[in-house]
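What follows is the residue order along each chain.
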Amino acid sequence: MTAPLTRRAALPLLALLAASPARARAQAPPRPVVVASFSILGDMVRQIAGEDVVLRVLAGPETDAHAFQPRPSEAEAIRGAALVVRNGLGFEPWLDRLLRSTGHQGPVVTASEGITPRRADQAGGHGHGPDPHCWQDLGLAQSYARRIGEALALVEPTRAAAWREAASGYAARLAALDAWVRERIATVPPERRVVVTSHDAFGYFAAAYGVRFLAPQGASAGAQPSAAQVAALIRQIRAAGISAVFIEGPGSQAVMQRLARDAGVTVRGRLYADTLSAPDGPAPGFEAMVRHNLGLLVPAMRGEPG
Ligand SMILES: [Zn+2]
């Protein structure tokens, strides 16, 4: 078959493909593709831009973003992206590799930019370097919302005003949620504001809201605690009069169940720190995640039966 014939044969099909979505959408500009590195940032994009963007989330719900392994289809998503939204502070080393390997030249917004990070080892964990989990402080989450809103506005000028307004409304909701968290924590006697969970993701929450977290793992998920670390934690649990521990994140259940058994305390549910739940789970969005966590933490810290 000759080249001119091939081109002619392809034309009617192309025209058909182009015509049907165009009619359905009338004058609407094409929706930009926005890639978010993990589920919490994906929800923030959704809260600001709604259905005006095609959202692709790389490390989706119930996925450990620290240890995420992108598939070839994810590289394809990056190639077509008008904006890539990442956390930064070493949270997604795999994304930097993906951006390099795809040669992505488009805009990348780092949600944590402008924040002075805590050190991971300040929380008593075993990680080093900056602590990436800034969203656990709702003051800093507001900064994420504004930064993502501004990056979206620069990508699509025709929607810039609407997205800036939506970002500011979202930040206001997060400010109200911050006030609610402080009210809830204030109902717990200060000496009882201690929580045991599996991965050290709550350093910013601890600093913002005055709660002490004890964790048998460092700030990077996936590490197994040593016998000596577990023994030290059990001594702390007994000294603080703690009656419950919490599961956090995929894969931590076995560690915490063993710890609870050894320490003679109960496992009081699953906290969400780095990932959202599935849409029908208890933490389908970031705000729902914060409310879910507080709903587990406050009664346990107050010593109410679970
Ligand atoms: Zn984490």
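Our subject is the structure that appears above.
Now for a description of the structure that goes with this document. Just so you know, these numbers come straight off a predicted model, no measurement behind them.

### Comments concerning the environment of Ser37
- Its place among the elements puts Ser37 in strand E1 (residues 33–38).
- Taking C-alpha positions, Ser37 is 9.6 Å from Trp94, a pair spaced 57 residues apart along the chain.
- Ignoring sequence-local partners within four residues, the contact set of Ser37 consists of Leu58, Ala59, Val85, Arg86, Asn87, Glu92, Trp94 and Leu95.

### What to know about the sheet that holds E1
- In spatial order, the strands read E2-E1-E3-E4; together these 4 strands make up an open sheet with parallel pairing. The outermost strands of the open sheet, each flanked by one partner alone, are strand E2 (54–59) and strand E4 (108–110). Strand after strand, the sheet turns through a mean of 20 degrees between neighbouring axes, direction not considered.
- Across 5 bridges, E1 lies against E2 in parallel orientation. Its bridge partner being in E2, Val33 is matched across the sheet by Val54.
- This element, helix H2 (residues 39–49), spans E1, E2 and strand E3 (83–86) of the sheet and lies at about 145 degrees to E1.

### Here's the deal with the nonpolar core
- One finds Leu41, Met44, Leu138, Ile148, Leu152, Phe205 and Phe286 to be the most contacted residues of the largest nonpolar core, which totals 74 residues.
- Sort the elements by how many residues they give to this core and helix H10 (residues 286–301) lands first, with 9 residues.
- Per-domain counts for this core show at least three residues from each of domain 1 (33–179) and domain 2 (188–301).
- Membership of the second largest hydrophobic core comes to 16 residues, among which are Val230, Ile237, Ile242 and Ala263.

### So, the packing of helix H5 (residues 138–155) against helix H6 (residues 160–186)
- Direction vectors running N to C along H5 and H6 enclose 175 degrees, while the axes themselves pass 9 Å from each other. Classified by the angle their axes make, H5 and H6 are roughly antiparallel. Counting all contacts with H5, which are made through Leu138, Gly139, Ala141, Gln142, Ala145, Arg146, Gly149, Glu150, Leu152, Ala153 and Leu154, the residues of H6 involved are Ala160, Trp163, Arg164, Ala167, Tyr170, Ala171, Leu174, Ala175, Leu177, Asp178 and Val181.
- When its residues are assigned to classes, the contact of H5 with H6 shows 15 nonpolar, 3 polar and 4 charged.

### Considering empty space enclosed by the protein
- For the structure on display, the rule yields 2 cavities of 30 Å³ or more.
- For the largest cavity, the calculated volume is near 130 Å³.
- Contributing to the lining of the largest cavity are 13 residues, with Arg192, Val194, Ile242, Ala300 and Met301 lying nearest its centre.
- Counting residues per element, the ones that place at least two in the lining of the largest cavity are strand E5 (194–196), strand E7 (244–248) and H10.
- Element by element, the count of residues in the lining of the largest cavity is highest for E5, at 3 residues.
- Considered class by class, the residues forming the lining of the largest cavity number 9 nonpolar, 2 polar and 2 charged.
- Quantified by volume, the second largest cavity comes out at close to 50 Å³.
- Together, Gln136, Leu138, Phe202, Phe205, Val290, Asn293 and Leu294 line the second largest cavity.
- Top contributing element to the lining of the second largest cavity by residue count: H10, with 3 residues.
- Grouping the amino acids of the lining of the second largest cavity by side-chain chemistry returns 5 nonpolar, 2 polar and no charged.

### Describing the packing of aromatic side chains
- All chains considered together, the criterion is met by 8 aromatic pairs.
- Note on Phe91 and Trp135: the rings are 5.3 Å apart at their centroids and 70 degrees apart in plane angle, and the pair reads as edge-to-face. Pair noted here: Phe91 is in the loop between E3 and helix H4 (93–102) and Trp135 is in the loop between E4 and H5, with a separation of 44 residues, a long-range link.
- Ring pairing ties together the aromatic residues Phe202, Phe205, Tyr209 and Phe213, which thus form one cluster.
- Here the basic side chain of Arg118 rests over the ring of Tyr204, its NZ or CZ set 5.5 Å away from the ring centre.
- Stacked on the ring of Tyr272, the Lys or Arg Arg270 has its end atom at 4.0 Å from the ring centre.

Definitions and limits used
- Residues numbered from 1 in each chain as written.
- Predicted model: local features only at pLDDT ≥ 70, side-chain atom pairs only at ≥ 80, totals over all residues.
- Heavy atoms only, no water.
- Helix = DSSP H or I, 4+ residues; strand = E, 2+ residues; numbered from the N terminus.
- Contact = heavy atoms within 4.5 Å.
- Pairing = 2+ DSSP bridges.
- Axes fitted to C-alpha atoms, helices over the stretch in contact; angles between N-to-C directions.
- Core = buried A, V, L, I, M, F, W, Y, C linked by side-chain atoms within 4.5 Å.
- Buried < 20%, exposed > 50% of the residue type's maximum accessible area, 1.4 Å probe, protein only.
- Domains from an automatic or database assignment.
- Parallel < 35°, antiparallel > 145°, perpendicular 65-115°, else oblique.
- Nonpolar A, V, L, I, M, F, W, Y, C, P; charged D, E, K, R; others polar.
- 1 Å grid on protein atoms, 1.4 Å probe; cavity = no way out; pocket = protein on both sides within 12 Å on 5 of 7 lines; lining within 4 Å.
- Points joined across faces, edges and corners; volume = space filled by probe spheres on them.
- Phe/Tyr/Trp six-rings, centres within 6.5 Å; stacked < 30°, edge-to-face > 60°.
- Lys NZ or Arg CZ within 6 Å of the ring centre and 35° of its normal.

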